[in-house]
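# A closer look at the structure
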Amino acid sequence: MARVVRFHEFGGPEVLRIENVDLPALGRGEVRLRVKALGLNRAETLLRMGRYIETPFLPSGLGLEAAGFVETVGEGVDDFAPGDIVSVIPPVSMVRWPAYGEVATFPARLLVKHPPSLGWVEAAALWMQYLTAYGALIDIASLHKNDFVVITAASSSVGLAAIQIANMVGATPIAVTRTSSKARALLDHGAGYVIASQEENLERRLEEITQTKGVRVVLDAIGGPIFEPLTAAMCEGGILIEYGGLSNEPTPFPLFNVLSKRLTLRGYLVHEVINDQDRLDTAKSFILAGLASGGLQPVIARTFAFDDIIEAHHFLQSNQQFGKIVVTL
């Protein structure tokens, strides 16, 4: 048996329980990990509340990211052996392969070996944020030197990863956050400019920053009324990639901005990179190279003990973090 986190009903953090459960037999191509750290993501709060793109059968586990060492390998697994130190690329289904537990099972193709020099906390904070940002900015938008890129929800783990990736390729990241309270920290973490959307005129500030060039790439996690000023400040042929939906307000379709500038509005899920082995291999190479060079450095907002998973989810749901929340075991 092993201790895992499950929920028996939808709701707030209090529905999470740590329970002892029997471990299922390993399937072909699967690997069992002894988990040392878990990366927390907003998707897990949505699953817990019954609002995620995946609908679980209750009781359900949850969790997308983990780091640890290989305990057991299943039939057909040749690339990993017990004792290997690995981190986990998020599976498409966290219901099928939940991460929250002292022990967790994953498909071997989603494991990445890491040297012992990379700590457990950092290893658990890698793949969701960097794959999401890479897939949008590099794989889809082909972000390159001298581009202006707007990054909303910039203090989130994906936002900070996007800032780092933009700097790696020589683009100028413009961080958008609600208030100026995080402006200094965003600048210190590589943002070229910071706009506080509740305190400044977003469209006017973007036009001042980009002058006549305009914004070519927008990475947005919010939606809602922000679409109008964002698209108004974009250049001809620009692309807005939507990967979130944090706003509770309706999202207008900015018809005349899209028509006059020939804009592309593109919905995006990281699953499209994870499910394509060639694209995933290219992404892994980019991210691992960035880690080796120091261009990519996970920003950790706060760590919690496994027994404090409810408190960790309260903090995750508060939207107060700057970077990634990690749970250690």
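Scroll up to find the structure this text is about.
None of the values given here were measured: they were computed from a predicted structure.

Bringing the packing of helix α3 (residues 127–140) against helix α4 (residues 157–168) into the picture now. In a packed pair of helices, the relevant descriptors are the angle between the two axes and the axis-to-axis distance. Running from N to C, α3 and α4 point in directions that differ by 55 degrees, and their axes come no closer than 8 Å. Judged on the interaxial angle alone, α4 and α3 are oblique. For the pair α3 and α4, the crossing hand works out as right-handed. Where α3 abuts α4, its residues Gln129, Tyr130, Thr132, Ala133, Tyr134, Leu137 and Ile138 lie against Ser157, Val158, Ala161, Ala162, Gln164 and Ile165. Grouping the amino acids of the contact of α3 with α4 by side-chain chemistry returns 9 nonpolar, 4 polar and no charged.

In the contact formed by α3 and helix α10 (residues 277–293), the axes pass within 10 Å of each other and the chain directions differ by 110 degrees. By the angle class used here, α3 and α10 are roughly perpendicular. Where α3 abuts α10, its residues Trp127, Tyr130, Leu131, Tyr134, Ile138, Asp139 and Ile140 lie against Arg279, Leu280, Thr282, Ala283, Lys284, Phe286, Ile287 and Leu288. The residue makeup of the contact of α3 with α10, split by class, is 11 nonpolar, 1 polar and 3 charged.

Once that is clear, we can look at the nonpolar core. Ranked by internal contacts, the top residues of the largest apolar core, which has 86 residues, are Leu38, Phe106, Leu131, Leu137, Ile165 and Leu186. Per element, the largest residue contribution to this core is 10 residues, and it comes from α3. Sequence-distant contacts of Leu38, defined by excluding residues within four places in its chain, comprise Glu65, Ala66, Ala99, Tyr100, Gly101, Ala124, Phe306, Ile325, Val326, Val327 and Leu329. In this structure, Leu206, Val218, Ile226 and Ala233 belong to the second largest nonpolar core, which totals 18 residues.

Looking now at the pairing of strand β11 (residues 215–220). For β11, the buried fraction is high: 6 of the 6 residues fall into the buried class. As defined by bridge partners, β11 adjoins strand β12 (residues 234–242) across 5 bridges and the pair is classed as parallel. Its bridge partner being in β12, Val215 is matched across the sheet by Met234. Of the crossover connections in this fold, the one passing from β11 over helix α7 (residues 227–232) to the parallel β12 is right-handed.

The rules behind these values
Residues numbered from 1 in each chain as written. Predicted model: local features only at pLDDT ≥ 70, side-chain atom pairs only at ≥ 80, totals over all residues. Heavy atoms only, no water. Axes fitted to C-alpha atoms, helices over the stretch in contact; angles between N-to-C directions. Helix = DSSP H or I, 4+ residues; strand = E, 2+ residues; numbered from the N terminus. Parallel < 35°, antiparallel > 145°, perpendicular 65-115°, else oblique. Left-handed = near helix turned anticlockwise from the far one by under 90°. Contact = heavy atoms within 4.5 Å. Nonpolar A, V, L, I, M, F, W, Y, C, P; charged D, E, K, R; others polar. Core = buried A, V, L, I, M, F, W, Y, C linked by side-chain atoms within 4.5 Å. Buried < 20%, exposed > 50% of the residue type's maximum accessible area, 1.4 Å probe, protein only. Pairing = 2+ DSSP bridges. Right-handed = clockwise from strand over helix to strand, strands pointing away.

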